[in-house]
Amino acid sequence: MPIKKPGSQHLKSVKLKFARAKLAKKAGRSVDSSLNLTPMIDMFVVLTIFLLMTFSTSGEILFIQKDIELPSATRTDELEQAPAIIIGGGQVVAEGKAVGRMDDIAEDENFEIADLSEILNNLKKQYTQLHPNQTFAGKIIIQGDKTVPFRVLKKVMFTCTSVGYTNINFAVLPVGGGSEAGGEAGGAPAPAEG
Amino acid sequence: MASVSAPGGRSGGKKALNVELNLVPFIDLLTCLICFLLMAAVWIQIGKISVTQSGQGAPQDQTQEDRERLNLVVAITPQSYLVTGNGQTIADILKKDDKYDKKALGQKLKEIHGQFPDKSDIVVMSEDSINYQDLIDVMDVCLATDFPNISVSGTI
């Protein structure tokens, strides 16, 4: 087979200047392009419906601290706004102020926690001054860690009741649906309600 | 994008019927709504169990009816649930595999509720060493067996 001389190569023949001019001409065309927004709007609508369904008018009543694990229960009511006492992390805290260490409270022979009593008394006074026409409901929330011994809990409860906070609410994590007694009462906890 | 076009038919010479909807305000509205809802969302639902402390208020004179009423108490001891009525032991439900037998307690309370359908109050007693979760478990069983008026007492 005879050897042929290669012909002119296409790329070699294209001048750089020409190529630049061509590309510039292409870039100079209209850059308008319509985005397909339908999937995005679909997603937005679904997200909005989900968030509206889970929307709670009462807002966040309790701030859960990371070192406190609330006990779980199946039969619970909706939590209402009230002063909160936090028992956990080795101390008892009322309205953001520490009123004593759990060990000290547990060992103390006195049932009433003096600092807690003072804070609750002040809160009660404030309430009666701000709402002179309303009767004092005496609602209080106890937000305790699930491992807190009853020894500490009873002293906190006693102090609350002695001040006048007789309507004690234990904050719990609702699990599963309301189960029948003797049925699933001892069953494993289901995922929390959304 | 969102547009409405006339189906087939005469196409030549007539004005195009394609209409482009302006979706920008709609997207703006949705974005604002989503931002607001995300900020206001409560991710952890917390419930409550209402109780009173037993023995509150001045002691009242007991009537014959009061004396005939069942004073139902569930005591939590480190070994068992002790169900008593007017001081008499009704049941002593021992722990199973080092766990409290909530199922048996539920059945017992249900049985008692069957005998006294009007009864709605119950006292939960606990020893000092009992954990908060165990106390809540008993209250949960009481609520599930239609004893909504729960009182808590510390003395056994």
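Remember, it's a predicted structure, so these values are computed and weren't measured experimentally.

**Some words on the overall build of chain A**
So, point 1. A tally of helices and strands in chain A yields six helices and seven strands.
So, point 2. Mapped from its N terminus to its C terminus, chain A presents α and β elements in the order α-α-α-β-β-β-β-β-α-α-β-α-β.
So, point 3. Taking all 194 residues of chain A together, the buried fraction comes to 27%.
So, point 4. Put simply, of all contacts in chain A between residues at least 6 apart along the chain, 66% involve residues at least 24 apart.

**Describing the overall build of chain B**
So, point 1. From N to C terminus, chain B includes four helices and eight strands.
So, point 2. Taken from the N to the C terminus, the helices and strands of chain B come in the order β-β-α-β-α-β-β-β-α-β-α-β.
So, point 3. Counting across all 156 residues of chain B, residues that qualify as buried make up 28%.
So, point 4. In chain B, once contacts between residues fewer than 6 apart in sequence are set aside, the share between residues at least 24 apart is 59%.

**Brief notes about the confidence of the model for chain B**
So, point 1. Summing up the model confidence of chain B, the mean pLDDT is 81 and the portion of residues at 70 or higher is 81%.
So, point 2. For chain B, per-element mean pLDDT is lowest for strand β1 (residues 3-4) of chain B, which scores 54, and highest for helix α4 (residues 132-144) of chain B, which scores 92.

**A word on helix α3 (residues 102-115) of chain B**
Note on helix geometry: an α-helix contains 3.6 residues per turn, so any two residues three or four positions apart are oriented the same way.
Residues and elements named next belong to chain B.
So, point 1. Between the first and last C-alpha of α3 there are 20 Å, a value that for 14 residues agrees with the 20 Å anticipated at 1.5 Å per step.
So, point 2. Residues of α3 that are buried include every one of K102, A104, L105, G106, K108 and L109, and no others.
So, point 3. Residues of α3 that are buried in the fold lie against β5 (80-85), β6 (88-94) and α4.

**Regarding the interface of chain B and chain A**
Accessible area lost on assembly of the parts is the figure often given for the size of an interface.
So, point 1. With 46 residues of chain B at the interface, the matching set in chain A holds 56 residues.
So, point 2. Broken down by secondary-structure element, the contributors of at least two residues to the side of chain B that touches chain A are α1 (24-40), β3 (47-53), α3 and α4 of chain B.
So, point 3. With eight residues, α4(B) is the largest single contributor of residues to the side of chain B that touches chain A.
So, point 4. Taken together, the residues that form the side of chain B that touches chain A break down as 25 nonpolar, 14 polar and seven charged.
So, point 5. One ladder, built from two bridges, connects strand β2 (residues 77-78) of chain A with β3(B); its direction is antiparallel. For A:E78, the partnering residue across the bridge sits in β3(B) and is B:G47.

**Comments concerning unusual backbone geometry**
Residue and element names in this part refer to chain B.
So, point 1. Notably, N86 is not glycine yet its phi reads approximately 50°, a positive angle.
So, point 2. Considering the arrangement of structural elements, one finds N86 in the loop between β5 and β6.
So, point 3. At D97, a residue that is not glycine, the phi angle is positive and equals roughly 50°.
So, point 4. Inspection of the secondary structure puts D97 in the loop between β6 and α3.
So, point 5. Judged by the 5 C-beta atoms lying within 10 Å of it, D97 is exposed.

**Looking at the packing of helix α5 (residues 114-130) of chain A against helix α6 (residues 150-163) of chain A**
All names here are of chain A.
So, point 1. Look at α5 against α6: their axes get within 9 Å of each other, and the N-to-C directions meet at 35°. α6 is crossed by α5, and the crossing has right-handed handedness. Counted together, L116, S117, L120, N121 and K124 of α5 and V156, T159, C160, S162 and V163 of α6 form the full contact between these two elements.
So, point 2. Counted by class, the contact of α5 with α6 contains five nonpolar, four polar and one charged residues.

**Observations regarding the nonpolar core**
So, point 1. Within the largest apolar cluster, 67 residues are counted, with the highest numbers of intra-cluster contacts made by A:V92, A:V156, B:V124, B:M139 and B:C142.
So, point 2. When sequence neighbours within four positions are dropped, the list of residues in contact with B:C142 reads B:L109, B:I122, B:V124, B:F147 and B:I150.

**Describing the environment of A:T74**
So, point 1. Of note, A:T74 is situated in the loop between β1 (72-73) and β2.
So, point 2. A sequence separation of ten residues divides A:T74 from A:A84, and the C-alpha atoms of the two residues are 22 Å apart.

**Overview of the pairing of β6(B)**
Residues and elements named next belong to chain B.
So, point 1. Pairing of β5 with β6 involves six bridges; the strand directions are antiparallel. Residue pairing across strands places G85 opposite Q88, the latter belonging to β6.
So, point 2. Counting the residues in the hairpin turn of β5 and β6 gives two residues, including N86, whose phi is positive at 50°.

**Comments concerning α5(A)**
Residue and element names in this part refer to chain A.
So, point 1. End to end, α5 covers 24 Å across 17 residues, agreeing with the expected 24 Å (1.5 Å per residue, within 8%).
So, point 2. Listed as buried for α5 are L116, I119 and L120. Buried residues of α5 fall within an arc of 95° about the axis and therefore sit on the same side. Away from its buried face, by an angle of more than 90 degrees, α5 presents the exposed residues A114, N122, K125 and Q129.
So, point 3. Among the structural elements, β4 (91-94), β5 (97-101) and α6 are those in contact with the buried residues of α5.

**Focus on the packing of helix α3 (residues 38-53) of chain A against α1(B)**
So, point 1. Relative orientation of the contacting elements α3(A) and α1(B) amounts to 35°, with a least axis distance of 10 Å. Pair α3(A) / α1(B) crosses with left-handed handedness. Along the contact surface, α3(A) presents A:I41, A:F44, A:L47, A:T48, A:L51 and A:L52, while α1(B) presents B:I27, B:L30, B:L33, B:I34, B:L37 and B:L38.
So, point 2. In terms of residue class, the contact of α3(A) with α1(B) is built from eleven nonpolar, one polar and no charged.

Rules and cut-offs
In this numbering scheme, every chain counts its residues from 1 along its sequence in written order. As a convention, the first chain written is A and the first ligand written is 1, with the rest following in written order. At least 70 in pLDDT is required for a residue's local features to be given in this predicted model, at least 80 for side-chain atom pairs to be given and counted, and no such filter applies to totals for whole chains, interfaces and linings, which use all residues. Labels follow the DSSP assignment, with helices taken as runs of H or I lasting at least four residues and strands as runs of E lasting at least two, numbered in each case from the N terminus. The exposure label follows from counting other C-beta atoms within 10 Å of a residue's C-beta, where the C-beta atoms are placed from the backbone and the thresholds are 20 or more for buried and 12 or fewer for exposed, leaving partly exposed in between. C-beta atoms are placed from the backbone for every residue, and two residues are taken to be in contact when these atoms lie within 7 Å. How sure the predictor is of each residue is captured by pLDDT, a score from 0 to 100. Any helix carries an expected span of 1.5 Å times its number of residues minus one. Just so you know the grouping, Ala, Val, Leu, Ile, Met, Phe, Trp, Tyr, Cys and Pro go in nonpolar, Asp, Glu, Lys and Arg go in charged, and all remaining residues, Gly too, go in polar. DSSP-based pairing: two strands are paired if at least 2 bridges between them are found. All axes are obtained by fitting lines to C-alpha atoms, using only the stretch in contact for helices, and the reported angles, taken between N-to-C directions, cover 0 to 180 degrees. A clockwise turn of the near helix away from the far one marks a right-handed crossing, whereas an anticlockwise turn of less than a right angle marks a left-handed crossing. Any nonpolar core is a set of buried residues, restricted to Ala, Val, Leu, Ile, Met, Phe, Trp, Tyr and Cys, that join up through C-beta atoms within 7 Å. The arc in question is formed by the directions pointing from the helix axis toward the C-beta atoms.

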